[in-house]
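# Fold and geometry: a report
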Amino acid sequence: MKVNLDGESVLVDTTLTAEEVQNLLESTGRLAVLKGMGSTTQRDLGAAVAMVEGVNCIQGVVRFIQLSLEKCIIEGTIDGLNPGLHGLHVHTFGDLTDSFNKCGDHFNPEGKSHGDPKDSDRHMGDLGNILADETGRAVFRKEDNYLKVGDIIGRSIVVDEGEDDLGRGGNPLSKISGNSGERLAGGIIACSAGLFQNSKKICTCDGVTLWDERERARATSAKRQLLPQPLANL
């Protein structure tokens, strides 16, 4: 961890999720705004974010960072889910209308079968399952050696009603979608700031500072994730 008191920033090298990093920093009594994430040893390979919303007030954020040519990090926090496992997939299109049915099938440019993210025969968009706790919150961090951030900008991330059987369930849908039920929530994947790329202090949406925006979001919804940037420098 590198602390820059003059620049009011902290750089953290960690495998923890963004939420865990923020909670640890704020346990010191300081507030934290999370502003970017990436590698200090390689050139920027791309970062993306999706603000997720869905039925029954499901909401959250999923971030993507291309850490190397072989590794993509997917992490996020999603609230409002039923406790248990939920399938998570990148879909072909960024159209979230019609109950998320117009976003197409899982992103699958090579025409493979649905499978486990660890399988060689899998859709590029197959990200396995996320686990929601008893409060309905899913906090997750995944490493993927197949997905590439540059291939998914403008597409969508979708959370399903039930558990993805990872192609092993024996159901007719197992090798197509993982038989994970209805699509509950989704977000369009957009370009985002990488490490050290987000230097702004003012939110362009309403002209207030990031700190003011952060407190406003906390006051209006304790569950809402504020910043649409991947994170690691604070």
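All values derive from a computational prediction rather than experimental measurement. (Residues numbered from 1 in each chain as written. Predicted model: local features only at pLDDT ≥ 70, side-chain atom pairs only at ≥ 80, totals over all residues. Heavy atoms only, no water.)

### Some words on the overall build of the protein
Selection rule: Segments assigned H or I by DSSP are reported as helices when at least four residues long, segments assigned E as strands when at least two residues long, and all are numbered from the N terminus. Surface exposure here means Shrake-Rupley accessible area, sampled with a 1.4 Å probe, where a residue is shielded only by the protein chains that are shown.
Of the regular secondary structure elements, the protein holds four helices and 11 strands. Element-wise, carbon and sulfur atoms account for 50% of the exposed surface of the protein, whose accessible area totals about 11,900 Å².

### Examining unusual backbone geometry
The condition that has to hold: Whether a residue is buried, partly exposed or exposed follows from its accessible area with a 1.4 Å probe, protein chains only, as a fraction of its type maximum: under 20%, in between, or over 50%, in that order.
Here the phi dihedral of Cys-57 falls at roughly 65°; this positive angle occurs in a residue that is not glycine. Mapped onto the fold, Cys-57 is located in the loop between strand S3 (47-54) and strand S4 (59-68). In the Ramachandran plot, Asp-98 falls in the positive-phi region, its phi being about 55° despite a non-glycine side chain. With respect to the helices, strands and loops of the structure, Asp-98 is situated in helix H2 (residues 97-100). Relative accessible area serves as the criterion here: at 47%, Asp-98 is assigned to the partly exposed category.

### Some thoughts on the side chain of His-89
Put simply, the rule reads: Residues adjacent in sequence count toward polar contacts only when both atoms are side-chain atoms; beyond that, a polar contact is any pair of N or O atoms within 3.5 Å, and within protein one must be able to donate a hydrogen and the other to accept it.
Among the structural elements, His-89 can be located in strand S6 (residues 84-91). Here the side chain of His-89 touches His-106 through a polar contact of 3.4 Å, side chain to side chain. Within polar-contact distance, the side chain of His-89 engages the side chain of Asp-164 at 2.7 Å.

### Regarding the pairing of S6
To keep it simple, the criterion reads: Two strands are counted as paired when DSSP detects at least two bridges linking them.
Most of S6 sits out of view: six of its eight residues are buried. With five bridges joining them, S6 and strand S7 (residues 126-132) adopt antiparallel strand pairing. Following the sheet pairing, His-89 is matched in S7 by Asp-126. Bridge analysis of S6 against strand S9 (residues 156-160) gives four bridges, and the strand direction is antiparallel. Bridge assignment links Leu-88 to a residue of S9, and that residue is Val-159.

### Some thoughts on the environment of Glu-161
As a reminder, the rule being used: Residue contacts are defined here by distance: any two heavy atoms, one from each residue, within 4.5 Å place the two residues in contact.
Among the structural elements, Glu-161 can be located in the loop between S9 and strand S10 (183-188). Separated by 21 residues in the primary sequence, Glu-161 and Glu-182 have C-alpha atoms spaced 5.2 Å apart. Beyond its immediate sequence surroundings of up to four residues, Glu-161 is in contact with Leu-85, His-86, Ser-180, Gly-181, Glu-182 and Leu-184.

### What about the pattern of salt bridges?
Under the convention used in this document: When a carboxyl oxygen of Asp or Glu is within 4 Å of a side-chain nitrogen of Lys or Arg, the pair counts as a salt bridge.
Scanning the entire structure with this criterion turns up seven salt bridges. Arg-63 is the partner of Glu-75 in a salt bridge, and the nearest nitrogen-oxygen pair spans 3.5 Å. One end of the pair, Glu-75, is in strand S5 (residues 71-79); the other, Arg-63, is in strand S4, with 12 residues separating them in the sequence. Judged on exposure class, the residue Glu-75 and its partner Arg-63 are both buried. Among the ionic pairs, Glu-143 bridges to Arg-141, the shortest N-O distance being 3.2 Å. Taking relative accessible area as the criterion, Glu-143 reaches 45% and is therefore assigned partly exposed.

### Focus on the environment of Asn-101
Relative to the helices and strands, Asn-101 resides in the loop between H2 and S7. The exposure class of Asn-101 is partly exposed, given its relative accessible area of 46%. Along the chain, Asn-101 and Arg-183 lie 82 residues apart, while their C-alpha atoms are 7.7 Å from each other.

### Some details on the confidence of the model for the protein
Atomic detail in the predicted coordinates should be set aside for any region of low pLDDT. Condition: On a scale of 0 to 100, pLDDT captures the predictor's confidence in every residue.
Scored by pLDDT, the protein comes out at a mean of 82, with 77% of its residues at no less than 70. Counting contacts from residues 202-213, a segment whose pLDDT is below 50, to residues more than four positions away or on other chains yields 23 contacts. Throughout residues 216-234 the model reports pLDDT below 50, and contacts reaching past four residues in sequence, or to other chains, amount to 77 contacts.

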